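What follows is each chain in one-letter form.
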Amino acid sequence: MSLPRVQRAARCALRLQQERSALRAVAARARSTAAALAAEADWDAARPYSDIPGPKPLAVGGNAWRFMPYVGQFHGLGLDELIAALHAEFGPVCKLGGMPRPDLLFVSDVDIMQSVLRNEGSWPTRRAAQTLEHYFRDLRKNYLVSLAVSNGKEWQDFRSAVNQVMMQPRNTAPYVQPIDSVAQDFVARMREIRAPDGRMPADYTDELAKWSLESISYVALDTRLGLLAGDLDPTSDAVVMMDTIRGLFDCMYNLDIKPSVWKWVSTPTYRKFVGNMHLFTSLASKYVDRAVARLKALSRRELEQGNRSVLESLLINTGDPTKAVSMVMDMLLAGVDTTSAAMSGLLYQLATNPDKQAKLQEELDRVIPDKTAPITQDQMEQLKYARACIKEAMRLMPVLPTSFRDTGKDQVLGGYRVPKGTTVGMSSLVMAQDERYFPKARQFLPERWLPGGSKTDHPFAFLPFGFGPRMCVGKRFANLELENLVAKIFRNFTLEWNQPPARTKFTIFLKFETPLQFIVRDRP
């Protein structure tokens, strides 16, 4: 074919491609216009926001009295019990207003949750704990606002730098062996603290919290704190860090969840919160400063050739130690009580379902023949039933009973007009135990997560780490810790539960009120 003919053919192909693109653009504009018109019609037909059902506030005192001792029906309820009570009385869309904070809209319908999350935009807005936002914006202005608090472009710039470090699978691989080492130490700790009859002590959940902090501190701080040792110095960084994080969540529950006047009056709980945050910031800064000093001591060639830790990579990517401090604090706050709560629920479900525990142990015996050897990356990838057990435990006993987002635009939710910026609590605990999505929803059935299982096809019925741009940034590390420890424990032990069903409660996170005193027996 001659060159002119080739050129003419190319021009014809180009014109055809342009015409097709133009037609697609016209069709897209038509769909967009139709969607906008449909949304406008839905908005016009919907009931006003004021009609959303919920407890009616008094003219003076609003709904705060409902949380007071003796007179309030919500007094003493955990967050999960409060949400369940609201949905039971007012339905799948209900509103809690008349409080010393903006209204909270609670939804327990998967399709409504999908509408909220699908329309939150590229910069999703999440109203942070007001105490944390106050601390970072008003009291410690020399530090950048953390991911947990920031929104908009401020959040996007920070999250983009963090994603390169935290969300890449290749960055978790170097931590398989260190996390395994922590898990092996925890197995040794279980042998050390169990009673002669094999029973775990009443404070076993505290031991799980130590394991969780020991694991995430290796990622966030580049160090082992030594929390799994026998006798701990109460003035050590390990103990102070543990006590500080625990105290912070107790304070935040009382200041942010329960009615409080801390915005107007400096209450003892508020002062404790501020003191703990100052101490926590100081400890995080100490370890970031050490990482900065290590990086400064390296040559350019060493920086380019060596494998850098998560903390060092954060410092290199952001170029700002204050951002690293904020991210370290986020990782520790978000990665201790959450992971230990998830592991508590997982151990309880397996101990109370011995047939599932036995099936898990069959997989572990096959994949990990030597229970004393470190678990490799290849072995981790083969633990399909272990991962199914983790998912099922998190469905039945989620770490959080609800997740919050602010609506990204004016929306119709459940037949009501909901203005942009309304805080919506999506009741994941209620939805994950709905028979419409999970047959035999109250049963522990890990098999539902295996190929051919009976789990729902609805993509929003189970979102343990959230959805979209604001999904949990530490997801990969949390899964690594959970998978490794469950493999170590059940390769070494059989857990038994010979007590009545355990009582649980949500303050902020899942909490066992019944001591987890498993009977722990050695396996061959």
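Residues numbered from 1 in each chain as written. Predicted model: local features only at pLDDT ≥ 70, side-chain atom pairs only at ≥ 80, totals over all residues. Heavy atoms only, no water.

> Explain the packing of aromatic side chains to me, using residue names and the numbers behind them.
Applying the stated rule across the entire model yields 15 aromatic pairs. Seen in terms of ring centroids, W262 and Y270 are 5.8 Å apart; in terms of plane orientation they differ by 10°. Their pairing is stacked. What makes W262 buried here is its relative accessible area of 9%. Since its relative accessible area comes to 14%, Y270 is described here as buried. On the numbers, 5.6 Å between centres and 65° between planes, the contact of W497 with F518 is edge-to-face. Linking W497 in the loop between β7 (493-496) and β8 (504-506) with F518 in the loop between β9 (510-512) and β10 (519-522), this pair joins segments that are 21 residues apart in sequence. Here W497 falls in the buried class, since its relative accessible area comes to 12%. By relative accessible area, which is 0% here, F518 ends up buried. Aromatic ring contacts, followed pair by pair, group F186, Y204, Y348, W497, F512 and F518 into a single cluster. In this structure, K95 is placed above the aromatic ring of Y49, and the distance from its NZ or CZ to the ring centre is 4.4 Å. (Phe/Tyr/Trp six-rings, centres within 6.5 Å; stacked < 30°, edge-to-face > 60°. Buried < 20%, exposed > 50% of the residue type's maximum accessible area, 1.4 Å probe, protein only. Helix = DSSP H or I, 4+ residues; strand = E, 2+ residues; numbered from the N terminus. Lys NZ or Arg CZ within 6 Å of the ring centre and 35° of its normal.)

> Let's hear about the nonpolar core: which residues, and what values?
Counting 156 residues, the largest nonpolar core has Y204, L213, F273, L332, I489 and F518 as its most contacted members. For this core, the element with the most residues is helix α10 (residues 268-296), which contributes twelve residues. In this structure, this core is formed jointly by two domains, domain 1 (35-123 + 400-463) and domain 2 (143-395 + 471-490), each of which donates at least three residues. Residue contacts for L332: discarding those within four places in its chain leaves L213, I216, S217, A220, L221, M241, I245 and F280. (Core = buried A, V, L, I, M, F, W, Y, C linked by side-chain atoms within 4.5 Å. Domains from an automatic or database assignment. Contact = heavy atoms within 4.5 Å.)

> Account for a nonpolar patch on the surface, naming residues and giving values.
Residues M68, Y70 and V71 make up a contiguous nonpolar surface patch of about 420 Å² in total accessible area. Considering the arrangement of structural elements, one finds V71 in the loop between α1 (3-45) and α2 (79-90). By relative accessible area, V71 is classed as exposed at 53%. (Patch = residues over 30% accessible without salt bridge, like charges linked within 9 Å, V, L, I, M, F, W, Y side chains within 5 Å. Areas by Shrake-Rupley, 256 points an atom, 1.4 Å probe, with all protein chains shown as cover. Salt bridge = Lys/Arg side-chain N within 4 Å of Asp/Glu carboxyl O.)

> Can you lay out the environment of P354 for me, pointing to particular residues and giving the numbers?
Inspection of the secondary structure puts P354 in helix α15 (residues 354-367). Taking the C-alpha atoms as reference points, P354 and L495, 141 residues apart in sequence, are found 8.3 Å from one another.

> Explain the domain arrangement of the protein chain to me, and be specific about the residues and the numbers.
Annotation of the protein chain at the domain level lists domain 1 (35-123 + 400-463) and domain 2 (143-395 + 471-490). A straight line from the C-alpha centre of domain 1 to that of domain 2 covers 29 Å. Facing the 23 residues of domain 1 at the interface are 28 residues of domain 2. When domain 1 packs against domain 2, close to 2000 Å² is buried across both sides, 63% of that on carbon and sulfur atoms. Of all residues in domain 1, W123, F444 and W449 give up the largest surface area on contact with domain 2, accounting jointly for 36% of the area buried on that side. Counting across the interface, domain 1 meets domain 2 through three salt bridges. Between E392 and R448 there is a salt bridge, and its shortest N-O distance comes to 3.0 Å. At the boundary of domain 1 and domain 2, one finds ten residue pairs in polar contact (both at pLDDT 80 or more). When its residues are assigned to classes, the side of domain 1 that touches domain 2 shows 15 nonpolar, three polar and five charged. (Buried area = accessible area lost by both parts, 1.4 Å probe. Polar contact = N/O pair within 3.5 Å; in protein donor to acceptor, adjacent residues only side chain to side chain. Nonpolar A, V, L, I, M, F, W, Y, C, P; charged D, E, K, R; others polar.)

> Tell me about the environment of F186, and name the residues and values.
Residue position: F186 is located in helix α7 (residues 176-193). Note on F186: relative accessible area 0%, which makes it buried. Along the backbone, F186 and E207 are 21 residues apart, and their C-alpha atoms lie at a distance of 8.5 Å.

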